[in-house]
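Per-entry structural report
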Amino acid sequence: MSRPADPVGAGQSPSPSAGLAAVSTALLAMSRHLEVGDVLKTITASARELLDAEYAALGVPDDHGGFAQFVVDGVSDEQWRAIGPLPRQHGILAAMLHEEKAERLDDVRKDPRFEGWPAAHPDMSDFLGMPIRDGDETLGALFLANKRCPRPGGCGFTEHDEELLRLLAQHAAIALTNARLYERSRELTIAEERSRLAHELHDAVSQKLFSLRLTAQAATALVDRDPARAKGELQQVALLAAEAADELRAAVVELRPAALEEDGLVHTLRTQIQVLDRAHAARVTFENRGVRALPPAQEEALLRVAQEALHNALRHSGAGRVEVVLERRGQGAVLRIGDDGRGFDPGLVRRAGRHLGLVSMRHRASGVGGRLTVQSAPGEGATIEMEVPGG
């Protein structure tokens, strides 16, 4: 049955300052991650450590009566493999997902809802469950079992434990929602970038095919009256066809999902700039000066700023040359994109609301602790520089 409120002075709860320090540590740990999987693992491990439990789990429901994700802490890989498939939403697990209240039990095995636990499942007694909710939506549920206690016979989870877990669950809902929004934003950014690359590659291939068609028509007209010139035109046809094939191969490679996580910033930038150099009349170059790995969030911000600045330079500036330099500075790095295009007055651009993506670029820079500077004037090209601190 549910445990009654603990009497004041039972001696089982940590001091308020110790409890707040532990909660603060747990919340800071959750805020360090943006990927949903990492956030789920951190929430689970933080809950187990905060309440000094032997086991902790976090279940995220799917739409079919099961769990889309089920993260455990305190269970070895060997034990987890022996337990078998992910659990279904039934018994005490379902109660946490379909009810708004917490469950604190002396012995979960004596609860009438205790059923269907695999034979290889670790032995559990005292239990504390807490839903993770965002408004009316249940995002998941935390499950803790076996409160550690030096006293023989165990202590069980206290009312104080329940309040700590409730506080943690409220912040876990925020962290999980933010992580989902971040991943959705990344998906949209990747889709947008793939669409942009597809458009640029389509333009490049279309130009090659148009030239190829005109050259083939010229060769056809010359076959009878000037075979020598016709031969030259046909050689040009072969050259243009090879170039078009190269562009199509580039399309296959570049329209894969973004490879930043696998390949790193330097390789990803170099590859994309090589494509842009082929796809545009302007000469586009890249130079790396000693930069290696940076924190993932900083690498992504640098890549997106580079893409936005390159898009502006190649589509709007009329530049004949665009240079991209990535340079090490202390523990961090500086990205510089310069062009010899027509330039602009940054002040007039801001006042007119024609940001050329500058607002977005500034937000990306500040979001990772960096800064963005813009230098430009009419007729003098433009230079976008972004500095990040590293880690």
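Throughout what follows, the structure given in this document is the object of discussion. (Residues numbered from 1 in each chain as written. Predicted model: local features only at pLDDT ≥ 70, side-chain atom pairs only at ≥ 80, totals over all residues. Heavy atoms only, no water.)

What about the environment of glutamate 163?
Following the sequence through the fold, glutamate 163 ends up in helix α5 (residues 159-222). For glutamate 163, a relative accessible area of 44% gives the class partly exposed. A sequence separation of 61 residues divides glutamate 163 from alanine 102, and the C-alpha atoms of the two residues are 9.8 Å apart. Separated by 2.7 Å, the side chains of glutamate 163 and arginine 166 make a polar contact. (Helix = DSSP H or I, 4+ residues; strand = E, 2+ residues; numbered from the N terminus. Buried < 20%, exposed > 50% of the residue type's maximum accessible area, 1.4 Å probe, protein only. Polar contact = N/O pair within 3.5 Å; in protein donor to acceptor, adjacent residues only side chain to side chain.)

So, the packing of aromatic side chains
Counting across every chain of the model gives 4 aromatic pairs. Relative to phenylalanine 70, the ring of phenylalanine 67 lies with its centre 5.1 Å away and its plane at 70°, an arrangement referred to as edge-to-face. We note that phenylalanine 67, like phenylalanine 70, is buried. Here phenylalanine 70 and phenylalanine 143 contribute two aromatic rings whose centre-to-centre distance is 6.2 Å and whose plane-to-plane angle is 25°, an arrangement assigned as stacked. With phenylalanine 70 in strand β2 (residues 67-73) and phenylalanine 143 in strand β5 (residues 137-147), this residue pair connects regions lying 73 residues apart in the sequence. You'll find phenylalanine 70 and phenylalanine 143 in the same group, each marked buried. Through a chain of ring-to-ring contacts, the aromatic side chains of Phe67, Phe70, Trp80, Phe127 and Phe143 assemble into a single cluster. (Phe/Tyr/Trp six-rings, centres within 6.5 Å; stacked < 30°, edge-to-face > 60°.)

Observations concerning the sheet that holds strand β7 (residues 321-329)
Consider a sheet: its strands pair through backbone hydrogen bonds, and that pairing is either parallel or antiparallel. If you walk across this open sheet you meet the 5 strands as β6-β7-β8-β10-β9, and the pairing is mixed. Lying at the two open borders of the sheet, with one neighbouring strand each, are β6 (283-289) and β9 (371-376). The sheet shows a mean angle of 10° between the axes of neighbouring strands, direction not considered. As judged from the 7 bridges shared by strand β8 (residues 332-339) and strand β10 (residues 382-388), these two strands associate in the antiparallel manner. (Pairing = 2+ DSSP bridges. Axes fitted to C-alpha atoms, helices over the stretch in contact; angles between N-to-C directions.)

Comments concerning helix α2 (residues 36-51)
Since there are 3.6 residues in each turn of an α-helix, residues three or four apart along the chain are aligned in direction. In this model, α2 (16 residues) spans 23 Å end to end at C-alpha, consistent with the 22 Å of a helix rising 1.5 Å per residue. Those residues of α2 that fall on the buried side of the exposure criterion are Val36, Val39, Leu40, Thr42, Ile43, Thr44, Ser46, Ala47, Arg48, Leu50 and Leu51. At the C-terminal side of α2, aspartate 52 shows a positive phi close to 55°. (Expected span 1.5 Å × (residues − 1).)

Quick notes on unusual backbone geometry
In most cases, non-glycine residues show a negative phi, while peptide bonds are predominantly trans. In the Ramachandran plot, aspartate 52 falls in the positive-phi region, its phi being about 55° despite a non-glycine side chain. Following the sequence through the fold, aspartate 52 ends up in the loop between α2 and β1 (53-61). The partly exposed category is assigned to aspartate 52, whose relative accessible area is 34%. At asparagine 146, a position not held by glycine, the phi torsion is positive, near 65°.

Remember that the coordinates give geometry; whether it matters functionally is a separate question.
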